[in-house]
Amino acid sequence: MDQPWQPQPFMTRRVRTTLLFVLLTGLLLFVQLPLVWMILTALKVQGKAQTLQFMPQRSEVFDQELVVRRDGEGQSAVFEYTDAAATEVTLLLRPGGEEESRRVMSRTVEGLWVAEVEGVEAGLLPYQFVVNNSNTVSDPDNPAEDESGVSMLRIEPGSTLTSNRPLFNETRIDGETTKVALRLPEEKSYSVLSSQGESVALRFENGAHRGEFPGAVETFQVVREYSLGEAIGNLYTLENFTAILGNKDFPFGRYIFNSFIVATMAALLTVLFCTMAGYAFAVKQFHFRDVLFAGLLASMLVPGMIYMVPQFAITLKLGWIDTFPGLIVPHVANVFGLFLLRQYVGQIPKDLFNAAQIDGASELNVFRNIVIPLCMPIMVTLFLLTFVGQWSNFLWQLIVTQPASPVTTLPVGLQAFKGQYGTDWERVMAGACFSILPITVLFIVTQKYLLEGLTAGAVKE
Amino acid sequence: MAKKSSAGRITLQQDLQALPFLAPFLAIFGVFIGFPLVYSVWLSMHRTDIYSSWYDRFGTMQFVGLQNYADVAASIPFWWSIFLTFVYATLTIIPGMILSLFLAITLNRKMKGLGFYRSGFFLPNVFDIYVVGVIWLLLYNPNEGLFLRIFEWVGLGVLVQDGFLSNPYLTLPCIALAMVLKNAGFGMILFLTALNNIPTSVFEAAEVDGATKWQQLTHITLPLLRPIILFLSITGLVATLNAFSEIYSMTDNTGGPGVNVGGQTLQAARVSGYHLYRVFDDSFYGQAAAISFFLLAIALVVSVINFKFLAPKD
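Keep in mind it's a predicted model, so treat the numbers as computed, not measured.

1. A look at the overall build of chain B
Working step 1: Per the secondary structure count, chain B includes 13 helices and 4 strands.
Working step 2: Its C-alpha radius of gyration of 25 Å places chain B more than 25% over the 20 Å reference for a compact globule of 314 residues.
Working step 3: By principal-axis analysis of the C-alpha atoms, chain B measures approximately 75 × 75 × 30 Å.

Given below as C-alpha cells:
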C-alpha cells in the first residue's frame, strides 16, 4: 500500500525544537543581562569596565616603532632611563654649565626613555634626567659622578657609539638578515613585528631577547606576549572585592552583617507571630474573629506608601532611628503571612486538636508539638519570602538610618558608596554582587518553597 | 471563612485562651499598621513647624484643616506625577503581560531543561530593585554603556545621542524595560499554574473540530486566563502607585531630566511614589500624608474594579 501523500511540514520537528531553544536561551540571556553584566564588571581590572573586552588578550603591541641602527659618521651617545610612571623625561646635558642644553627623550617599550645625541666629543660628558619637568635625578645605572652628584659619561676617542648602560636595542642588519636583540626583562616574553607585517618570536639568550628577520628591516614594533594566566590577570581580578571589604569609610562587611541580621530577625519574628496568630484564627473561637480577620485582609489593599510617614514618626518617637528594632519590627505583622498560615493550619484535622485536648496537653504543647511540626513547610516558605523581602527593603532602610549609621544595611550602604565612587563601576558592581549573589544562591537552593508562597496569594481563588 | 462556631456561645475563657497567640501579631499590627492609618489622617491636617528640632518634628506640628488636601489638589507636580504613573503603568503592565504569557505558553510543554528556563526567568524577581537599577544605570551609561555601543554598532547612534535615561522621552520607557525583564517571571509562573489547570481534553476537542493553534489561543487559552490577566493588571497598577526604588536608583535620586510642564520644570520620571518621597524628604509630612490619601483613593477605585471583575461569576 502506498502512503497517502501528505504535504511536507514547513519545518521539521527537530528544526522547530532547535529554534525554540535558541529563542529561549536568547531571551533568558536578555533577562539575565544585569546579573551577567554585574559579575563581568565586578571582575574587571580597574578602568576596564567599559571597554567591552571580555576575552583575555594574549599579546599587546607597543605603539612605538623602533629604528634599526645604522653605524653613523662621527661620534654619538645614547642615553637610556627607565621610569614606567613618568609622563615626560628630559635629558639635561652639562647641567649648570654655560653650554647647558636639553633633549626631550622619547618613550619606547616597557617604560624605557631614550635619547640620542650626535656629534659628541671625546672626554667626560656631564648629564642628568628631568622627570615630569620637575624632578632632576642623576643616572641610577651609572655610578660615575662628579662631586656635586652629576652623572658623567666617558666618551673614548675614536669610538662611534657610547651609551650610559648596555644598549637596550642592539638590533642591526647583518648581510641578508636583520638580527634583533632587545635587552628587556628576562622574565617576560616578546615577539617583534616588522613594518611589512612579518612576525618573529624572540628567545632570551645571552642577556637579550633575540630573533632574526629574514630580510633587511628598518623599523619594527615590539609585541609583549602573555601567558594565559597573565592575560586573564590583565583583564580580570578579585581585587575589587577585597578592596571593597577593606574600605574604611564604607564597611561592606558590616553592611552585609547588618542586612543579614535584619532579614533573619524579621523573617524569624514574622514566621513566629504569623504562625501563632494563624493558629488562633484557624482553630480557636473568640469574639470578632471573622470581622477582625476581614479587617486585617482589607489593610492589604492600602498602598504601602501611606504607612511611610506615620511609621517613620512612630519609629522616631520610640527612639528607634538607627537601631535594629527600627529596621525590623515595623514589618513583622505580615498580613499575607497570616493568611498563608491560617489556610495551612485550617487543613490540619480538627481531631488532632481534640485528641490533644482530651489528653490534657497544654496550649503551649499543642502549639509546639502539633502546629509547628505540621506547618513547617509553609513556615519555611514564609521565612524565605520575608528574608528576600527584607534583604531588599531599600526605602524603609533608607528612611530610618542616618548617614554613616552603625546599622546601615547593604542597599543603603551601596547607595552611599555609589554617591562617592559613582564612576568607579568595577567597585560599585562588586558591591552589588554582595546583594545579588547571596539571594541567587538562596533562590536556587530553595526555589520550590519560595515559588509556592509567591504564587499562593494569586492562585487561591 | 473559617467554620461556624458550632459549640454555641463564645466564652470569655475562649477569648483568653486565644489572646496569647494573637497578642504579638495584633500589637505590632496595631502600632505599625492600624495606628498609622489613623495617624495619617491627623498628619494630613497638620503642617510641620520649620523651626522644630529634628527629633521632635511631629510634636510641634500645627493644625491647618484641609489645607494640605487643597494644596495637593491644586499642585501641578502632583497631577504630573499621577499622569506619569499611568504612563509608567501602561509601559510596564502591557509589555510585561505579553512577555509573561509568551514565556508561559512556550514553557508549558515537555522539553529538556524546562526547570532551568523557568527558574532562570523567575530569578530576577528576588533581586533588590535598587541594586538592579544601579546595574541598569551602567548598561544605559550615556558615554560608553553597553546599550549605547549596541546602538552605535547597528548605526542608530544618532537616535540615542541624548543618552537613554537623560532623554526625557526615553527615561520612563528605559526604566520600564528594566522592570518588565525583572518581573516577567512572576507573571509567567502565575500563567503556568493556570495553564496547568486547563484540561488537555479541551484542546484535543478543539483540534478534532479543526481549530488552528492561533484559534485555540484566542478562543480557549486567553479567556480561561482572564482572571490572572486581570489580577496582574490591577496589582500592577497598585504597585506602580508605590514605584520608588527603581526610579530612585536609575535617576540617581533626581527624578529624571527636567521637562517644562505649565511653566514649571518637573522631572520626567517623577511618578507618584517618588513624588511622595520627595515631599516627605523635604519635611512636608502633612502634605505627604495628604498625597498618600489621594493615592489610596486611586487604589480603592482600582480595587473596586478588581473585585467587580474577579468576583466568581456563578
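2. Focus on the overall build of chain A
Working step 1: The helix and strand tally for chain A stands at 14 helices and 17 strands.
Working step 2: For chain A, whose C-alpha radius of gyration is 37 Å, the value lies well above the compact-globule estimate of 23 Å for 461 residues.
Working step 3: Taken over the C-alpha atoms alone, chain A extends approximately 120 × 90 × 40 Å along its principal axes.
Working step 4: Counting across all 461 residues of chain A, residues that qualify as buried make up 34%.

3. Some remarks on the nonpolar core
Working step 1: Within the largest apolar cluster, 165 residues are counted, with the highest numbers of intra-cluster contacts made by Ala277 and Ala432 of chain A together with Phe25 of chain B.
Working step 2: Excluding residues that lie within four positions of it along the chain, alanine 277 of chain A makes contacts with Leu338 of chain A together with Phe21, Leu22 and Phe25 of chain B.
Working step 3: Of all hydrophobic cores here, the second largest spans 28 residues; its members include Tyr81, Phe213, Val217 and Phe220 of chain A.

4. Considerations on the sheet that holds strand β5 (residues 106-107) of chain A
All names here are of chain A.
Working step 1: With mixed pairing, the 4 strands of this open sheet are ordered in space as β5-β6-β2-β10. Edge positions in the sheet fall to β5 and β10 (161-163), since each of these pairs with one other strand and no more.
Working step 2: Looking at chain direction, β5 and strand β6 (residues 112-118) are connected through 2 bridges and run antiparallel. Residue pairing in the sheet places serine 106 in a bridge with valine 114 of β6.

5. Points about the pairing of strand β3 (residues 258-261) of chain B
Residues and elements named next belong to chain B.
Working step 1: The pairing of β3 with strand β4 (residues 264-267) spans 4 bridges and is antiparallel. Bridging from a neighbouring strand, valine 259 pairs with leucine 266 of β4.
Working step 2: Between β3 and β4, which pair antiparallel one after the other, the connecting turn spans 2 residues, and glycine 262 there sits at a positive phi close to 55 degrees.

6. Details of the environment of isoleucine 247 of chain B
Working step 1: In this fold, isoleucine 247 of chain B is placed in helix α11 (residues 245-250).
Working step 2: As a C-alpha pair, isoleucine 247 of chain B and glycine 273 of chain B span 26 residues in sequence and 9.0 Å in three-dimensional space.

7. Notes on the interface of chain B and chain A
Working step 1: Taken residue by residue, the interface counts 69 residues in chain B and 72 residues in chain A.
Working step 2: Looking at the side of chain B that touches chain A, the elements with two or more residues in it are α1 (12-44), α4 (114-122), α5 (129-139), α6 (146-153), α7 (171-196), α10 (226-241), α12 (272-281) and α13 (285-310) of chain B.
Working step 3: If you tally residues by element for the side of chain B that touches chain A, the top one is α1 of chain B, at 17 residues.
Working step 4: Grouping the constituent residues of the side of chain B that touches chain A by class yields 52 nonpolar, 13 polar and 4 charged.

8. With respect to the sheet that holds strand β16 (residues 208-213) of chain A
All names here are of chain A.
Working step 1: Taken together, the 4 strands give an open sheet; going across it, the order is β11-β12-β16-β15, and neighbouring strands pair in antiparallel fashion. Lying at the two open borders of the sheet, with one neighbouring strand each, are β11 (172-174) and β15 (203-205). Averaged over all pairs of adjacent strands, the angle between their axes in this sheet comes to 35 degrees, without regard to strand direction.
Working step 2: Bridge count for β15 against β16 is 3 bridges, and the pairing is antiparallel. Looking across to β16, one finds that arginine 203 is bridged to arginine 210.

9. A look at helix α7 (residues 305-317) of chain A
All names here are of chain A.
Working step 1: Given a rise of 1.5 Å per residue, 13 residues ought to cover 18 Å, and the 19 Å separating the end C-alpha atoms of α7 matches this to within 8%.
Working step 2: The buried fraction of α7 is high, at 10 of 13 residues.
Working step 3: Positive phi appears at glycine 319, one or two residues downstream of α7, with a value of about 70 degrees.

10. Structural notes on the confidence of the model for chain B
Residue and element names in this part refer to chain B.
Working step 1: On average, residues of chain B carry a pLDDT of 86, and 92% of them reach 70 or more.
Working step 2: Low confidence marks residues 1-7, where pLDDT is under 50. Its contacts with residues over four positions away, or in another chain, come to 8 contacts.
Working step 3: Interface scoring of the predicted complex returns ipTM 0.85; its pTM is 0.80.

11. As for the environment of leucine 235 of chain A
Residues and elements named next belong to chain A.
Working step 1: With respect to the helices, strands and loops of the structure, leucine 235 is situated in helix α3 (residues 228-235).
Working step 2: Note: C-alpha distance between leucine 235 and glutamine 46 (189 residues apart in sequence) is 8.8 Å.
Working step 3: Filtering out sequence-adjacent residues up to four positions away, leucine 235 remains in contact with Lys44, Val45, Lys48, Gln53, Pro56 and Gln57.

12. What to know about the confidence of the model for chain A
Working step 1: Summarising the model, chain A shows a mean pLDDT of 86, and 95% of its residues fall at 70 or more.
Working step 2: Taking the mean pLDDT of every element in chain A, the minimum, 81, falls on β11 of chain A and the maximum, 95, on helix α8 (residues 324-328) of chain A.

13. Brief notes about unusual backbone geometry
Residues and elements named next belong to chain A.
Working step 1: Look at asparagine 132: it is not a glycine, yet its phi comes out positive at around 50 degrees.
Working step 2: With 12 C-beta atoms counted inside 10 Å, the residue asparagine 132 sits in the exposed group.
Working step 3: One non-glycine residue with positive phi stands out, namely asparagine 206, at about 55 degrees.

14. Overview of the environment of glycine 255 of chain B
Working step 1: With respect to the secondary-structure elements, glycine 255 of chain B resides in the loop between α11 and β3.
Working step 2: Distance from glycine 255 of chain B to valine 271 of chain B, taken between C-alpha atoms, is 8.2 Å for residues 16 residues apart in sequence.

Quick notes on the rules
- Residues numbered from 1 in each chain as written.
- Chains lettered and ligands numbered in written order.
- Predicted model: local features only at pLDDT ≥ 70, side-chain atom pairs only at ≥ 80, totals over all residues.
- Helix = DSSP H or I, 4+ residues; strand = E, 2+ residues; numbered from the N terminus.
- Rg over C-alpha atoms; globule rule 2.2 N^0.38 Å.
- Buried ≥ 20, exposed ≤ 12 C-beta atoms within 10 Å, placed from the backbone.
- Core = buried A, V, L, I, M, F, W, Y, C linked by C-beta atoms within 7 Å.
- Contact = placed C-beta atoms within 7 Å.
- Pairing = 2+ DSSP bridges.
- Nonpolar A, V, L, I, M, F, W, Y, C, P; charged D, E, K, R; others polar.
- Axes fitted to C-alpha atoms, helices over the stretch in contact; angles between N-to-C directions.
- Expected span 1.5 Å × (residues − 1).
- pLDDT = per-residue confidence, 0-100.

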